[in-house]
Amino acid sequence: MKVRLLFPDRDAGPNRDAVEHNADLVRDFGLDTILDAMAPGSQELREHVASTLLDPLHDLDAIRHRQDVLGDLLAHPDLATTLYEIAGHAVDSPRRTRLWLFSRDPSSVLRRSVQILAELLGDLHRLRSVCDDYTGRCDSTGLTVFFDTVASALPDEYFPVIEEHLQRLRFPTGVVMTGRIGPGGQGTDWVLRKPVEITPTWRQRLHLAEPDSYLYRLPDRDEAGGRALRELENHGVNLVADALAQSVDHIRNFFAQLRFEMAFYCGCLNLQRALADRGLGLTCPQARPVTQYALRVRGLYDLNLGLRVGRDLVPNDVDADAASLVMITGANQGGKSTVLRALGVAQLLLQCGSFVPALEYRASVTTGLLTHFRREEDADLASGKLDEELARMSSLVDRLRPGAMVLMNESFAATNEREGSEIARQVVTGLRQAGIRVVFVTHLYDLAAALAGQFDPQAVFLRPERLAEGERTFRVVPGEPEPTSYGPDLYRRVFGPSNGHNHTNRREEPCQST
């Protein structure tokens, strides 16, 4: 049986290197907070969700496949929980059963397999019942095909037949097999036989007829005879034990696959419930081909902030269709980095087939999503901040392919403005020429002005919004870079509120930055 709930044409496998290779993404986007919400209290669920979340899709059909399945599960959340629980019980219960079984001889393998398969039969029966209950209630291709697969592989007559076979394989009347004498008087060609109940004749009951077989009863203390008898039994049951063990492995692998694929959807539902409790909504995004450079956002909010503080978040809109560069400039503490992280998390969720924290989100898929955020200085003084940034950029470039997206946050600001701006300008130009989309947050005016002065139709410039009274809204709006910082902002940051004196109704005048 195939699960195929994450992909329309194949089963998904855990990407064990995804978390390790995307450590920067986890750190820069604050994904630990999101994973905590998606997998509360379960390390195993968290690992499965992280493996899928950090292995984004590039195929539009696969993204829509997951979105359709997730839509059905949002309408029937109990289905996702039940399937995950059934799969978890099937995988874990046999593991407990085997703790005291260490022998690998065929007879022991057969007895163990019979016991495990008897337990799995209950899980298969429950799975079939759940699928029957939801057949016709779900519209997605993934769940519809899955229900049909289960019904076809587990018909009504399957269960009594398997139970009958398991009862026979317990050998209540002993093991019956045939063989012949081979060279050297050794037994050969052992074949396990189905026990046949033979009714003795009246002559046999009265011991008047010659016996058609001979009986040898092993003495109780004959250890050598006991070992020989077990060897004979192993010869007879070897093929059956091997076949039954493979059947058990096949069923357990199916349930392990089902648990892994359902983990992602359970994580999405957990996230949706956590946000709903905080009064925050989600939307199903629209994926576009990588060649379109589509990016249109309405009501986007930072998922990390949403999970930490709940309501009263400031949403943002971004229109950057056909743009290969989105640059957000302006003074610090205006919400630039928050918008950058929100865009990155939303793009990651889009390419995993999940919903996103926005009212509307339409974007092209990328061949890779990477970050280059500012880091703290090397504590061991092995290198300066600029050297460290250049080394990370070199490593990042090695992983890039055309169609990728790089999110940069205050990159190359560790040196003076002129040098940092020139380095950043050359990096951005090279990335765009290689077909890489760049979203760049910076306070380097020389950099932003140089790029804005090119009047490139594929470049979009945003900056934090300020009202006429100088109040910050923490929204970003279209606007050319400004060579300014704001004195009253610095005053309040250093000395605190003005306690009602002078500045509450006065428009803040910009002063030239240094």
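Placed above this text is the structure.
Residues numbered from 1 in each chain as written. Predicted model: local features only at pLDDT ≥ 70, side-chain atom pairs only at ≥ 80, totals over all residues. Heavy atoms only, no water.

Chemist: Could you clarify how one ought to interpret the overall build of the protein chain in this entry?
Modeler: Check the secondary structure of the protein chain and you find 17 helices and 14 strands. A separation threshold of at least 6 residues defines the contact pool for the protein chain, and within that pool the share at least 24 residues apart is 75%. Accessible surface, the protein chain as shown: approximately 27300 Å² in total, 50% of it carbon and sulfur. (Helix = DSSP H or I, 4+ residues; strand = E, 2+ residues; numbered from the N terminus. Contact = heavy atoms within 4.5 Å. Areas by Shrake-Rupley, 256 points an atom, 1.4 Å probe, with all protein chains shown as cover.)

Chemist: Just checking my understanding: could you explain the sheet that holds strand E9 (residues 405-409) for this structure?
Modeler: Two orientations exist for strands paired in a sheet by backbone hydrogen bonds: parallel and antiparallel. An order of E8-E9-E10-E6-E11-E12 is seen for the 6 strands of this open sheet, with the pairing classed as mixed. Pairing within the sheet leaves two strands with one partner each, and these edge strands are strand E8 (369-373) and strand E12 (472-478). Going across the sheet, the axis of each strand differs from the next one's by a mean of 15°, ignoring polarity. Along the sheet, helix H14 (residues 385-398) makes contact with E8 and E9, crossing E8 at roughly 170°. Where helix H16 (residues 445-452) meets the sheet, its contacts fall on strand E6 (325-329), strand E10 (437-442) and strand E11 (459-466), and the angle it forms with E6 comes to roughly 140°. (Pairing = 2+ DSSP bridges. Axes fitted to C-alpha atoms, helices over the stretch in contact; angles between N-to-C directions.)

Chemist: Just to check I follow, could you spell out the state of the cysteines for this structure?
Modeler: What is meant by a disulfide is a covalent connection between two cysteines, made through their sulfur atoms. One pass over the full model with this rule turns up 0 disulfides. Cys-131 takes part in no disulfide bond, and the closest cysteine sulfur to it belongs to Cys-138, at a distance of 9.6 Å. Cys-138 gets classed as buried once you look at its relative accessible area, which sits at 8%. (Disulfide = S-S within 2.5 Å. Buried < 20%, exposed > 50% of the residue type's maximum accessible area, 1.4 Å probe, protein only.)

Chemist: What's the story with the nonpolar core in this structure? I'm lost.
Modeler: Note that soluble globular proteins tend to have their nonpolar side chains buried in a common cluster. The biggest cluster of nonpolar side chains holds 116 residues, and the ones touching the most others in it are Leu-127, Phe-146, Phe-255 and Tyr-361. No other element matches the 20 residues that helix H11 (residues 223-277) contributes to this core. Phe-146 has contacts with Lys-2, Val-3, Leu-5, Leu-83, Leu-127, Cys-131, Phe-254 and Leu-258, leaving out every residue within four places of it along the chain. Of all hydrophobic cores here, the second largest spans 25 residues; its members include Ala-424, Ile-436, Ala-452 and Phe-461. (Core = buried A, V, L, I, M, F, W, Y, C linked by side-chain atoms within 4.5 Å.)

Chemist: Got a minute to help me understand the side chain of Glu-389 in this structure?
Modeler: Position of Glu-389 relative to the elements: it lies in helix H14. It is Arg-392 that comes nearest to the buried, bridge-free Glu-389 among opposite-charge side chains, at 4.8 Å. Looking at Glu-389, its side chain comes within polar contact range of the main-chain nitrogen of Phe-412, at 2.7 Å. Glu-389 has contacts with His-372, Glu-410, Ser-411, Phe-412, Ala-413 and Ala-414, leaving out every residue within four places of it along the chain. (Lys, Arg positive; Asp, Glu negative; His and termini not counted. Salt bridge = Lys/Arg side-chain N within 4 Å of Asp/Glu carboxyl O. Polar contact = N/O pair within 3.5 Å; in protein donor to acceptor, adjacent residues only side chain to side chain.)

Chemist: It is not clear to me how helix H4 (residues 43-53) should be interpreted in this structure. Could you clarify?
Modeler: Most of H4 sits inside the fold, with 8 of its 11 residues counted as buried. Those residues of H4 lying buried are Leu-45, Arg-46, His-48, Val-49, Ala-50, Ser-51, Thr-52 and Leu-53.

Chemist: Honestly, the pattern of salt bridges in this entry has me stumped. Any pointers?
Modeler: Note on pairing: side chains with opposite charge can pair once their charged atoms come close. Taken as a whole and assessed by the stated rule, the structure comprises 18 salt bridges. Of the charged contacts in the structure, one is a salt bridge between Arg-296 and Glu-360, with a shortest N-O distance of 3.5 Å. Of the two residues, Arg-296 is situated in strand E4 (residues 295-300) and Glu-360 in strand E7 (residues 360-364); the sequence distance between them amounts to 64 residues. A salt bridge links Asp-321 to Arg-362; its shortest N-O distance comes to 2.3 Å. With Asp-321 in the loop between strand E5 (316-319) and E6 and Arg-362 in strand E7, this residue pair connects regions lying 41 residues apart in the sequence. Taking the relative accessible area as the measure of exposure, Asp-321 reaches 39% and is therefore partly exposed. If you follow the salt bridges from partner to partner, you end up with Arg-296, Arg-298, Asp-319 and Glu-360 in one network.

Chemist: Honestly, unusual backbone geometry in this entry has me stumped. Any pointers?
Modeler: Excluding glycine, residues mostly have negative phi values, and the peptide bonds linking residues are mostly trans. In this model, Tyr-293 sits at a positive phi of 55°, which is unusual for a non-glycine residue. Note that Tyr-293 resides in the loop between strand E3 (286-288) and E4. By relative accessible area, Tyr-293 is classed as buried at 16%.

Chemist: Sorry, what's going on with the pairing of E11 here?
Modeler: Every regular strand shows the same layout, with side chains that alternate between the two sheet faces. Bridge count for E6 against E11 is 4 bridges, and the pairing is parallel. For Val-326, the partnering residue across the bridge sits in E11 and is Val-460. Where E11 lies against E12, 4 bridges are found, and the strand directions are antiparallel. For Arg-463, the partnering residue across the bridge sits in E12 and is Val-477.

Chemist: Which parts of the structure should I look at to understand the side chain of Lys-336?
Modeler: Tracing the chain through its elements places Lys-336 in helix H13 (residues 336-350). Within the buried set, Lys-336 has no salt-bridge partner at all; the shortest N-O distance to an opposite charge, 4.2 Å, is to Glu-410. Apart from the residues within four sequence positions on either side, Lys-336 is in contact with Ile-328, Thr-329, Gly-330, Ala-331, Glu-410, Val-441, Thr-442 and Pro-464.

Chemist: Help me out: how do you make sense of the sheet that holds E4 in this one?
Modeler: Pairing in this open sheet of 4 strands is mixed, and the strands run E3-E7-E4-E5 from one edge to the other. Two strands in the sheet have a free side with no partner beyond their single neighbour: E3 and E5. With direction set aside, neighbouring strand axes in the sheet form an average angle of 15°. Bridging between E4 and E5 involves 3 bridges; their strand directions are antiparallel. Of the residues in E5, the one forming a bridge with Arg-296 is Asp-319.

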